[in-house]
Amino acid sequence: QDSYKITLLPGDGIGPEITTATVKALVAAGKTKGVTFDFDEQLLGGCAIDKEGTPWPDKTLKSCQAADSILMAAIGGPKWDGNPRELRPETGLLAMRQQLGLFANLRPAKAIPQLLDASSLKREVVEGVDIMVVRELCGDVYFGKPAGIYTDDAGVRWGQNNMIYSEPEIERIARVAMDVAQKRQGRCCSIDKANVLDVSQLWKDVVIRVHGECGQGVELSHMYVDNAAMQLVRWPKQFDTIVCGNIFGDILSDEASMLVGSLGMLPSASLPSEGPGVFEPIHGSAPDIAGTDAANPLAMILSAAMMCQYDLLQPDLAKLLEDAVEAVLDAGYRTRDIVNEGNADETLVGCKEMGDLVAAKVAELA
Ligand code: NAD
Ligand code: IPM
Ligand code: MN
């Protein structure tokens, strides 16, 4: 196949800026291999609330279902934070994940040699880090019922969410984790809070069973989430593959991004058991820098690379984009989140210029 239908979801905040940069780089990469993309841009999140009155319009779902793959930027922002739950951008994102069955969220955190000094941690701590967080994405406290804010008979208000997992939900993500670990260094650490939470005890029991059934060659370990948060910054090289539930994975992957140097560097793949996946940076819409051309588009460009690898089955395109990103960093170009001010070897660039640089490098490397 040499032409692909891609649903494009620019979303809110910095979303449109990083999308423009990413499309430019992706199209340039495709061009070198005779691959073209038919982009169908659709509304998701706050922009969809404003234009369609819902964060997850039917038209967007239909486009996603008809696509070869889905490329997303980020959604959300203070403008919609006071809305009722069903009119929040985040509700649209969660509905998309659930309706497309995107239960397996792969979030790689791999140190980039050129960015070792961009991390807030010491060079020797982050050099050589290569972690894959396998985050369950369709369950947990995000979706557990009952949920809401209630007032009891005494007039006291209660906020409630329910951390809940079924055995089949744990089993399918554990299988993905074993498969991922087998293709990596063969070490899988399952993160839980089984010392306190029943849902975590079930998680741990099921992961152990699945490991016994299909984890050949995988060394399985377990860690409580509080310790894991500490170990990630103490000595991250102890981790290879991490598997965890939705909320722990959300938090730990943002933490892991700092091992690479910036939240603006981490891509992700959200994969279903069948159908198209969604490829999105792990960061949000960064309202604090939206509209200033300061955003780092590399997390989304690297997400496009993951799309080429996982959904389009074009590993050469993925490699080309990754190599181009590394070459641009090697040449010293940095967005504001990864620049070391005062370093004469580095050149501060904006979001748009970073996209242009990667696109130019792709053509040069091909
Ligand atoms: P955020 O990830 O948007 O930003 C956190 C910090 O990181 C900010 O200082 C931001 O400027 C910086 N940052 C993030 N991405 C960057 C990039 N590409 N380049 C440079 N700097 C970057 O998290 P937040 O501020 O807690 O949330 C803002 C909004 O984004 C909220 O509405 C939240 O719900 C939403 N959100 C959406 C997604 C998503 O769409 N998948 C993910 C996380 C947060
Ligand atoms: C992410 C985000 C989302 C999450 C929010 C915006 C619903 O933080 O993709 O990491 O919590 O999953
Ligand atoms: Mn998050």
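Cut-offs used in this document
Residues numbered from 1 in each chain as written. Chains lettered and ligands numbered in written order. Predicted model: local features only at pLDDT ≥ 70, side-chain atom pairs only at ≥ 80, totals over all residues. Helix = DSSP H or I, 4+ residues; strand = E, 2+ residues; numbered from the N terminus. Rg over C-alpha atoms; globule rule 2.2 N^0.38 Å. Contact = placed C-beta atoms within 7 Å. Near = placed C-beta within 6 Å. Nonpolar A, V, L, I, M, F, W, Y, C, P; charged D, E, K, R; others polar. Expected span 1.5 Å × (residues − 1). Buried ≥ 20, exposed ≤ 12 C-beta atoms within 10 Å, placed from the backbone. UniProt positions renumbered as here; feature names shortened; annotations may be inferred. Domains from an automatic or database assignment. Pairing = 2+ DSSP bridges. Core = buried A, V, L, I, M, F, W, Y, C linked by C-beta atoms within 7 Å. Axes fitted to C-alpha atoms, helices over the stretch in contact; angles between N-to-C directions. Parallel < 35°, antiparallel > 145°, perpendicular 65-115°, else oblique. pLDDT = per-residue confidence, 0-100. Left-handed = near helix turned anticlockwise from the far one by under 90°.

## Some words on the overall build of the protein chain
No. 1: Each helix and strand counted, the protein chain has 12 helices and 14 strands in total.
No. 2: Its C-alpha atoms give the protein chain a radius of gyration of 20 Å, near enough to 21 Å, the size a compact globule of 366 residues would have.
No. 3: In terms of overall dimensions, the protein chain has C-alpha extents of about 65 × 50 × 45 Å along its principal axes.
No. 4: Taking the intrachain contacts of the protein chain between residues at least 6 apart in sequence as the baseline, contacts between residues at least 24 apart amount to 75%.

## A closer look at the site of ligand 1
No. 1: Near ligand 1 there are 21 residues, and of these G76, G264, H283, G284 and N296 occur at the shortest range.
No. 2: Split into classes, the residues belonging to the shell around ligand 1 amount to 10 nonpolar, 7 polar and 4 charged.

## Considering helix 10 (residues 298-310)
Turn by turn, an α-helix covers 3.6 residues, leaving residues three or four places apart pointing in a common direction.
No. 1: Its 13 residues give helix 10 an end-to-end C-alpha distance of 18 Å, which sits within 8% of 18 Å, the value for a rise of 1.5 Å per residue.
No. 2: Here helix 10 lies mainly inside the structure; 11 of its 13 residues are buried.
No. 3: Those residues of helix 10 that sit buried are L298, A299, M300, I301, L302, S303, A304, A305, M306, M307 and C308.
No. 4: Looking at the buried side of helix 10, the elements it contacts are helix 1 (15-32), strand 3 (69-74), strand 11 (269-271), strand 12 (278-279), helix 11 (315-330) and helix 12 (351-365).

## Description of the site of ligand 2
No. 1: In the vicinity of ligand 2, the residues found are G76, E90, L93, L94, D250, I282 and G284.
No. 2: Per element, the largest residue contribution to the shell around ligand 2 is 3 residues, and it comes from helix 4 (residues 89-99).
No. 3: Residues belonging to the shell around ligand 2 are distributed by class as follows: 3 nonpolar, 2 polar and 2 charged.

## Topic: the UniProt feature "domain: Isopropylmalate dehydrogenase-like" (unreviewed entry) in the protein chain
No. 1: Per the UniProt entry, the sites bearing "domain: Isopropylmalate dehydrogenase-like" (unreviewed entry) are residues 5-358 in this numbering.
No. 2: In residues 5-358, the share of helix is 41% and the share of strand is 19%. The end C-alpha atoms are 22 Å apart.

## Structural notes on the environment of V180
No. 1: Mapping V180 onto the fold places it in helix 6 (residues 167-183).
No. 2: As for V180 and L106, which are separated by 74 residues in sequence, their C-alpha atoms are 9.3 Å apart.

## Some words on the domain arrangement of the protein chain
No. 1: Domain annotation of the protein chain identifies domain 1 (1-103 + 276-366) and domain 2 (120-260).
No. 2: Contacts between the two partners involve 7 residues from domain 1, matched on the other side by 10 residues from domain 2.

## Brief notes about the pairing of strand 7 (residues 157-160)
No. 1: Looking at chain direction, strand 6 (residues 148-151) and strand 7 are connected through 4 bridges and run antiparallel. Bridged to I149 within strand 7 is G159.
No. 2: Where strand 6 folds back on strand 7, the antiparallel hairpin that results is connected by 5 residues, among which G155 adopts a positive phi of roughly 85°.

## Considering the nonpolar core
No. 1: If you look at the biggest cluster of nonpolar residues, it comprises 117 residues, and the most contacted ones within it are A25, V134, I301, A304 and L321.
No. 2: Among the elements that make up this core, the one with the highest residue count is helix 10 (10 residues).
No. 3: Here this core spans two domains, and each of domain 1 (1-103 + 276-366) and domain 2 (120-260) adds at least three residues to it.
No. 4: Not counting residues within four places of it along the chain, the set of residues in contact with L321 comprises A25, A29, I301, A304, A305, C308 and V362.

## Description of the sheet that holds strand 2 (residues 36-41)
No. 1: Pairing is mixed in the open sheet, where 10 strands are placed in the order 2-1-3-12-11-4-5-10-8-9. In this open sheet, the two strands that pair with only one neighbour each are strand 2 and strand 9 (219-224).
No. 2: Examined bridge by bridge, strand 1 (residues 3-11) and strand 3 share 5 bridges and lie parallel to one another. Note that in strand 3 the partner of L8 across the bridge is L71.

## Let's talk about the packing of helix 1 against helix 12
No. 1: Remark: helix 1 packs on helix 12, axes separated minimally by 8 Å, with the N-to-C direction vectors making an angle of 5°. Considered as vectors, helix 1 and helix 12 are oriented roughly parallel to each other. Contacts between helix 1 and helix 12 involve E17, I18, T20, A21, T22, K24, A25, A28, A29 and T32 on the former and, on the latter, C351, K352, M354, G355, D356, V358, A359, V362 and A363.
No. 2: When the residues that make up the contact of helix 1 with helix 12 are grouped by side-chain class, the tally is 11 nonpolar, 4 polar and 4 charged.

## Re the confidence of the model for the protein chain
No. 1: Per-residue confidence for the protein chain gives a mean pLDDT of 98, with 100% of residues at or over 70.
No. 2: Among the prediction metrics, the complex's ipTM stands at 0.99, with pTM recorded as 0.98.

## Remarks on the packing of helix 8 (residues 225-234) against helix 9 (residues 246-260)
No. 1: Where helix 8 meets helix 9, the closest approach of the two axes is 10 Å, and the angle between their N-to-C directions is 10°. By the angle between their directions, the pair helix 8 and helix 9 is classed as roughly parallel. Regarding helix 8 and helix 9, the two cross each other, and that crossing is right-handed. On the side of helix 8, the interface is formed by V225, A228, A229 and L232, while helix 9 contributes F248, L252, E255 and A256.
No. 2: Along the lines of polarity and charge, the residues of the contact of helix 8 with helix 9 split into 7 nonpolar, no polar and 1 charged.

## Section: the pairing of strand 3
Within a regular strand, the side chains alternate between the two sheet faces.
No. 1: The buried count for strand 3 comes to 6 of 6 residues, which makes it a mostly enclosed element.
No. 2: Of the pairings in the sheet, the one linking strand 3 to strand 12 comprises 2 bridges and is parallel in character. Bridging across to strand 12, I70 finds its partner in V278.

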